[in-house]
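Descriptive analysis of the structure
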Protein chains: 2
Amino acid sequence: MKPISSRDNPLFKELKLLATSSQARRKAGRTLLDGVHLCEAYLQHLGLPPMCIVSESASVHPEVVPLLMQCEAGRVQCIVLPEALYQAVSQVEHGIGLMFVIDTPAIEVPATLTGSAVLLDNLQDPGNLGSILRSAAAAGIEYVFCSPGTAFAWSPKVLRAGMGAHFLLKIIENTDLAAVIRNASVTVLATSSYAQERVYDVDLTQPVAWLFGHEGQGVADELLELATHRVAIPHLGAMESLNVAACAAVCFFEQVRQREAGSAKSQRHLLG
Amino acid sequence: MKPISSRDNPLFKELKLLATSSQARRKAGRTLLDGVHLCEAYLQHLGLPPMCIVSESASVHPEVVPLLMQCEAGRVQCIVLPEALYQAVSQVEHGIGLMFVIDTPAIEVPATLTGSAVLLDNLQDPGNLGSILRSAAAAGIEYVFCSPGTAFAWSPKVLRAGMGAHFLLKIIENTDLAAVIRNASVTVLATSSYAQERVYDVDLTQPVAWLFGHEGQGVADELLELATHRVAIPHLGAMESLNVAACAAVCFFEQVRQREAGSAKSQRHLLG
């Protein structure tokens, strides 16, 4: 393990830039995973990272030691920082000081969308984006396409809210969603509070692509028109709308419910 | 309208305290509604507030003028602040400068819980709490009970995320949830990722109480044991769990789906 103790160290400066600048993260194609849970999930799903950063106190923490040993055995570059320097690159308060530097995965864009997917049009809030990724991964969705105006999926806030979902999904950013929809061989469902059709009345037993929009303005009109269905979640009471991440969870798990009900039916059929 | 231009004005000091101190809000039994949307929702559902605060520039804004006129016609105390002073009490960036001071509603605790409800055990995140309130109101749920460790429901962050849900629900804070469960005549469903029973397999056509817990630790064991059912949302893929607000939305709208399907069935029955 290599100690760094000066704020003038070029590697430290690079880390600080990655920690604080979304532009620097996009340019470098790299980001920081902050905290034991995210680092564990990365090791479990994607293997060893290019670099591991640990605070002095965390380097002897019982939850961190086995992860550090795994990194060192795999010849990962490991850096130890004094607490003050670690805090300057970490956004987690009161956490255990462990961080991975990782390359944001480069995903090949499929020519035709044939699997289940989420399309995000101009979604703003990092917490909402992270929650949607987490729900999508839990519902077994494969692809996430983000429009150019959508929050950066690999920012520390979105990674924290995603709780490791990033490593289970194929996330494609800066995408022309209209082109994805035109080239999709699956049904595309746009949620809109003005829609007449209820999400419960659509057959979701086959893969579909879900389209969600901006927190205030919803899905852009030109994308709404391209979608196969415009669907609403029925509301009781006088609330106008749901939070977009809550809306996405309802849609994804209505699909899970229908798929499980469908497979239960075919099992009964086979047995009967 | 009364202008205030000094930071030493006692009323301004009181507003600043309400804006920045959760303890002050609890003690005064008052809070601030920040932004046109929340103020409109308050007027619509609960009527006139005790006090209205507007920034100089907002006092002539076309969205604000009709609300101000409604307040002045109802003899509500209206205060105008210069931009710098307004910004010192507002947490909304780039918003239109309108705020209501309101009394947090005092809700009578029912001796026996007979209606649909949400019980929140030690829920930490204001964004999650606001999203749960919004989903609950949209699903037609009546009561929300919060344990002493749960985030303060009437804080500006929770109010913003709630988007007016606060005015449609009966929110009771600092509650002994064990006592509420013991005195409930409705089914109490606790969500737990370890549960065997699926939420889809429970009859939700009657009112139920939903119990959700801390973001990391879930529902406390002693409350889990008191619940009528422990239920899980089935997951596909390798994600451990959902965000608690996403989980709540899935549960609430599974209930809406079952109730609508139930009433459709009885309608068919009546027609047939």
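Here the structure is a predicted model, which is why all the values come from computation and not from measurement.

Another aspect to go through is the domain arrangement of chain A. Residues and elements named next belong to chain A. Along its sequence, chain A is carved into domain 1 (2–103) and domain 2 (117–271). Summarising the inter-unit geometry, the C-alpha centres of domain 1 and domain 2 are found 32 Å apart. Contact residues are listed per partner, giving 16 residues for domain 1 and twelve residues for domain 2. Among the residues domain 1 hides against domain 2, the three largest losses belong to Arg-26, Leu-38 and Gln-91. Together they make up 37% of the total. If you look at where domain 1 meets domain 2, you find zero salt bridges. Viewed at the interface, domain 2 and domain 1 are joined by two residue pairs in polar contact (both at pLDDT 80 or more). Every element with two or more residues in the side of domain 1 that touches domain 2 is listed here: α2 (22–28), β2 (30–34) and α3 (36–46). Broken down by element, the residue count for the side of domain 1 that touches domain 2 peaks at six residues, all from α3. A breakdown of the residues in the side of domain 1 that touches domain 2 according to their chemical character gives nine nonpolar, five polar and two charged.

By size, the foremost hydrophobic cluster in this structure holds 132 residues, and its most contacted members are Phe-252 of chain A together with Phe-252 of chain B. Filtering out sequence-adjacent residues up to four positions away, Phe-252 of chain B remains in contact with Val-118, Ile-132, Ser-135, Ala-136, Ala-139, Ile-141, Trp-210 and Phe-212 of chain B.

Each partner contributes to the interface: chain B provides 35 residues, whereas chain A provides 35 residues. In total, chain B and chain A occlude about 2800 Å² of area from one another, counting both sides; carbon and sulfur atoms represent 64% of this. Considering only the surface of chain B that becomes buried against chain A, Arg-134, Leu-236 and Met-239 of chain B emerge as the three largest contributors, covering 23% of it. Scanning the region where chain B abuts chain A turns up four salt bridges. Between Glu-260 of chain B and Arg-198 of chain A there is a salt bridge, with its nearest N and O atoms 2.2 Å apart. Here chain B is connected to chain A by ten residue pairs in polar contact (both at pLDDT 80 or more). Contributing elements (two or more residues each) for the side of chain B that touches chain A: α3 (36–46), α6 (126–138) and α10 (244–271) of chain B. Here the side of chain B that touches chain A takes eight residues from α10 of chain B, the largest share from any one element. Residue composition of the side of chain B that touches chain A, grouped by class: 18 nonpolar, eleven polar and six charged.

With that settled, consider the environment of Phe-100 of chain B. All names here are of chain B. With respect to the secondary-structure elements, Phe-100 resides in strand β5 (residues 98–103). Separated by 47 residues in sequence, Phe-100 and Ile-53 have C-alpha atoms that sit 6.0 Å apart. With residues up to four places along the chain from it excluded, the contact list for Phe-100 reads Thr-31, Leu-32, Leu-33, Cys-39, Tyr-42, Leu-43, Pro-49, Met-51, Cys-52 and Cys-71.

Attention shifts here to the relation of the copies chain B and chain A. Superposition of the two copies of the chain requires a rotation about an axis together with a shift along that axis. Note on the copies: chain B fits chain A at an RMSD of 0.0 Å, the axial shift is 0.0 Å, and the rotation between them is 180°. What we have between these two chains is a two-fold relation. Looking at chain B, 100% of its interface residues are interface residues in chain A too, so the copies touch through the same face.

Attention now moves to the sheet that holds β2 of chain A. All names here are of chain A. Overall, mixed pairing links the five strands, which are arranged β1-β4-β3-β5-β2 in an open sheet. The open sheet has two edge strands, β1 (2–3) and β2, and neither has a second partner. Pairing between strand β3 (residues 51–55) and strand β4 (residues 77–81): five bridges, direction parallel. Residue pairing for β4: Ile-53 is matched across the bridge by Ile-79.

Here we take up the sheet that holds strand β10 (residues 197–198) of chain B. The strands making up a sheet are joined through hydrogen bonds of the backbone, oriented either antiparallel or parallel. Residues and elements named next belong to chain B. On the basis of which strands lie adjacent, the open sheet formed by seven strands has the order β8-β7-β6-β11-β9-β12-β10 and parallel pairing. With partners counted over all chains shown, the strands left at the sheet margins are β8 (170–172) and β10, one partner each. Running over the sheet, α6 touches β6 (117–120), β7 (143–146) and β8 and is turned about 165° from β6.

This part takes up the packing of aromatic side chains. Residues and elements named next belong to chain A. Per the counting criterion, the structure on display carries ten aromatic pairs over all chains. Arranged with centres 5.8 Å apart and planes meeting at 75°, the rings of Phe-212 and Phe-252 form a pair that is edge-to-face. Within this pair, whereas Phe-212 is found in strand β11 (residues 208–212), its partner Phe-252 is found in helix α10 (residues 244–271), the two being separated by 40 residues in sequence. Overall, the relative accessible area of 0% leaves Phe-252 in the buried class.

With that out of the way, let us pick up the side chain of Thr-150 of chain B. All names here are of chain B. Note that Thr-150 resides in the loop between β7 and α7 (156–162). When its relative accessible area of 5% is taken as the criterion, Thr-150 is described as buried. Looking at Thr-150, its side chain comes within polar contact range of the main-chain nitrogen of Asn-122, at 2.9 Å. A polar contact is formed between the side chain of Thr-150 and the backbone nitrogen of Leu-123, at a distance of 3.2 Å. Excluding its chain neighbours within four sequence positions, the residues that come into contact with Thr-150 are Arg-26, Leu-120, Asp-121, Asn-122, Leu-123 and Leu-129.

How each quantity is defined
- Residues numbered from 1 in each chain as written.
- Chains lettered and ligands numbered in written order.
- Predicted model: local features only at pLDDT ≥ 70, side-chain atom pairs only at ≥ 80, totals over all residues.
- Heavy atoms only, no water.
- Domains from an automatic or database assignment.
- Contact = heavy atoms within 4.5 Å.
- Buried area = accessible area lost by both parts, 1.4 Å probe.
- Salt bridge = Lys/Arg side-chain N within 4 Å of Asp/Glu carboxyl O.
- Polar contact = N/O pair within 3.5 Å; in protein donor to acceptor, adjacent residues only side chain to side chain.
- Helix = DSSP H or I, 4+ residues; strand = E, 2+ residues; numbered from the N terminus.
- Nonpolar A, V, L, I, M, F, W, Y, C, P; charged D, E, K, R; others polar.
- Core = buried A, V, L, I, M, F, W, Y, C linked by side-chain atoms within 4.5 Å.
- Buried < 20%, exposed > 50% of the residue type's maximum accessible area, 1.4 Å probe, protein only.
- Least-squares fit on C-alpha atoms with pLDDT ≥ 70 in both.
- Pairing = 2+ DSSP bridges.
- Axes fitted to C-alpha atoms, helices over the stretch in contact; angles between N-to-C directions.
- Phe/Tyr/Trp six-rings, centres within 6.5 Å; stacked < 30°, edge-to-face > 60°.

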